[in-house]
Amino acid sequence: MHKLNHMSSLLLYLSFLFYLLFSSSSLNVAATDAANPFTPKASLIRYWKIQISNDLPKPWFLLNKASPLTAVESATFSKLANDQNALANQLQSFCSSADLLCFPDLSPSLETQDDKFINWADPEVKPKAFKVAGPAVQIGYGKSFNEGKAFKVAGPAVQIGYGKSFNEGNGMMVDGKAVNKWVEPGLFFRERMLKMGTIMPMPDIKDKLPKRSFLPRVISSKLPFSKISEMKRIFHAKENSSMASMLAAAVSECERAPNAGETKRCVGSLEDMIDFSISVLGHNVVVRTTENMEGSKKDVMIGKVNGINGGKVTKSVSCHQSLFPYLLYYCHSVLKVRVYEADILDPKTKAKINHGVAICHVDTSSWSAGHVAFMALGSGPGKIEVCHWIFENDMTWATAD
């Protein structure tokens, strides 16, 4: 009897092993990011655990921007990236699988006066036209006015920061001279505004750029980023097309010389963003962004305010999204800043509607006298600090408290 029970247990155990063997084979065919440890996202999470030395909650707002490619797709496109012609021949599949912003293959039905970009991952969405504007003024933090070209969706625009625009208007005096530019209320503000009970305008912090994902570094590192002609061939960019202009504009901004005291890098993978941030701040870091878009273009009330690192002057790494086929961020070190988190309240109900992140530039002495922040706040370089909110899908890194 004892031997029979033993044989029954053995048969049951062997049956269970066979079940696991065959069922796991079936599951692996359709493995999800959560189940398959070889996907780009799973690999990225492991990389985060290795590189970041604290046990704070993971920034899912950032990690969820990881490539949606499966393990097999990632390996396939990584191999194709070794040969730019091979990758170009599979552009539609590449764009669809990797959640990229791409120009469709040329066909009479798609050739129009205005180039349109298509998010192949969601082809049911009506294509949006991103026209290249005429002469515009590009304004980066601490940079002079420079004539350039700005991407816009509609209407005359002036580009501010990286990928953010506001419409032209009238009525501004700088050093007694009239400046024909309108600055959106709340775009810049003084540090003293970050106090509980303050009512202030919140600018439009909504991300205007189309949704895309990062590429895995194993793919992005193989793309000839600086070689415009090769990138144009990969992404089927016609001469003088919006895609060609977009590629050239992003590469030009990424490769310009850094400002005085600035360390900068453009990153097309999350691994590269992590590496740059820890190279500036060390491994004990945290990344923050404004929680949502509530309060945009309205008056809001400031609730509880928390100064990061005790509200002391510190340095941070800010990352601003750029318009590119895959998710590309312009990251740069920012010296002498104070970073704040603040609850954003509805001024009527006092209910919390958002949790904002703001950065205050303490030393503006190297900024151009024509910077729009001084137009908005009525001062000049080195005379005042300048604060602004972190917009949707932008972010700031700092040493963890």
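Analysis parameters
Residues numbered from 1 in each chain as written. Predicted model: local features only at pLDDT ≥ 70, side-chain atom pairs only at ≥ 80, totals over all residues. Heavy atoms only, no water. Helix = DSSP H or I, 4+ residues; strand = E, 2+ residues; numbered from the N terminus. Buried < 20%, exposed > 50% of the residue type's maximum accessible area, 1.4 Å probe, protein only. Contact = heavy atoms within 4.5 Å. Areas by Shrake-Rupley, 256 points an atom, 1.4 Å probe, with all protein chains shown as cover. Disulfide = S-S within 2.5 Å. Polar contact = N/O pair within 3.5 Å; in protein donor to acceptor, adjacent residues only side chain to side chain. Axes fitted to C-alpha atoms, helices over the stretch in contact; angles between N-to-C directions. Parallel < 35°, antiparallel > 145°, perpendicular 65-115°, else oblique. Nonpolar A, V, L, I, M, F, W, Y, C, P; charged D, E, K, R; others polar. Pairing = 2+ DSSP bridges. 1 Å grid on protein atoms, 1.4 Å probe; cavity = no way out; pocket = protein on both sides within 12 Å on 5 of 7 lines; lining within 4 Å. Points joined across faces, edges and corners; volume = space filled by probe spheres on them. Phe/Tyr/Trp six-rings, centres within 6.5 Å; stacked < 30°, edge-to-face > 60°.

Asker: I keep staring at the overall build of the protein chain and nothing clicks. Help me out?
Answerer: Of the regular secondary structure elements, the protein chain holds eleven helices and 18 strands. For the protein chain, the residues scored as buried account for 50% of the 401 residues in total. For the protein chain, restricting intrachain contacts to residue pairs at least 6 apart in sequence, the fraction spanning at least 24 positions comes to 66%. Carbon and sulfur atoms provide 55% of the accessible area of the protein chain, an area that totals close to 19,800 Å².

Asker: Mind showing me how you'd approach the state of the cysteines here?
Answerer: Covalent bonding between the sulfur atoms of two cysteines is what defines a disulfide. Applying the stated criterion across every chain, the model contains four disulfides. Across the disulfide, Cys319 is cross-linked to Cys331 (sulfur-sulfur distance 2.1 Å). Classification of the bridge connecting Cys319 and Cys331 rests on its S-S torsion, roughly 115°, and on that basis the disulfide is right-handed. One end of the pair, Cys319, is in strand E14 (residues 314-322); the other, Cys331, is in strand E15 (residues 328-345), with twelve residues separating them in the sequence. We note that Cys319, like Cys331, is buried. A sulfur-sulfur separation of 2.0 Å characterises the disulfide bridge that pairs Cys360 with Cys387.

Asker: Sorry, what's going on with the side chain of Asn354 here?
Answerer: As for its position among the elements, Asn354 is in strand E16 (residues 352-361). Of the polar contacts made by the side chain of Asn354, one reaches the backbone oxygen of Asn292; its length is 2.9 Å. From its side chain, Asn354 meets the backbone oxygen of Glu294 in a polar contact 3.1 Å long. Excluding anything up to four places from it in sequence, Asn354 contacts Ile205, Thr290, Glu291, Asn292, Met293, Glu294, Ala342, Asp343 and Ile344.

Asker: How should I be thinking about the packing of helix H2 (residues 40-51) against helix H10 (residues 270-281) in this particular structure?
Answerer: Relative placement of two packed helices is described by the angle separating their axes and the distance separating the axes. Viewed as axis vectors pointing N to C, H2 and H10 meet at an angle of 10°, and their least axial separation amounts to 10 Å. Of the possible angle classes, the one that applies to H2 and H10 is roughly parallel. Where H2 abuts H10, its residues Leu44, Tyr47, Trp48 and Gln51 lie against Leu270, Glu271, Ile274, Asp275 and Ile278. Here the contact of H2 with H10 is built from residues that sort into six nonpolar, one polar and two charged.

Asker: Is there a simple way to think about the pairing of E14 in this case?
Answerer: As a general feature of sheets, a regular strand has side chains that alternate between the two faces. Of all nine residues that make up E14, eight are buried, and the element is covered over most of its length. Taken together, the eight bridges between E14 and E15 define a ladder with antiparallel strand orientation. What sits directly across from Ser318, in E15, is His332. Between E14 and E15, which follow one another and run antiparallel, lie five residues. Across three bridges, E14 lies against strand E18 (residues 395-399) in antiparallel orientation. What sits directly across from Ser318, in E18, is Thr396.

Asker: Even after reading the chapter, I still don't get helix H6 (residues 91-98), so can you show me in this structure?
Answerer: Think of an α-helix as turning once every 3.6 residues; residues three or four places apart then point the same way. Taken as a whole, H6 has its buried residues at Leu91, Phe94, Cys95, Ser97 and Ala98. Asp99 occupies a position one or two residues after H6 and carries a positive phi of about 60°.

Asker: Explain empty space enclosed by the protein here, please?
Answerer: To find leftover empty space, a probe the size of one water molecule is rolled over the atoms. Per the counting criterion, the structure on display carries three cavities of 30 Å³ or more. Quantified by volume, the second largest cavity comes out at close to 60 Å³. Looking at the lining of the second largest cavity residue by residue, the classes come out as seven nonpolar, one polar and one charged.

Asker: Got a minute to help me understand the side chain of Asn54 in this structure?
Answerer: Within the secondary structure, Asn54 sits in the loop between H2 and helix H3 (60-63). Taking the relative accessible area as the measure of exposure, Asn54 reaches 16% and is therefore buried. Within polar-contact distance, the side chain of Asn54 engages the backbone nitrogen of Leu56 at 3.2 Å. Within the structure, Asn54 has its side chain in polar contact with the backbone oxygen of Val285 (distance 2.9 Å).

Asker: Help me understand the packing of aromatic side chains in this model?
Answerer: Working definition: an aromatic ring pair is given by the centre-to-centre distance plus the angle between the planes. Taken as a whole and assessed by the stated rule, the structure comprises seven aromatic pairs. Ring centres 5.9 Å apart and planes at 40° place the aromatic pair Trp48 and Trp397 in the tilted group. Highlighted residues: Trp48 in helix H2 and Trp397 in strand E18, separated in sequence by 349 residues. Judged on exposure class, the residue Trp48 and its partner Trp397 are both buried.

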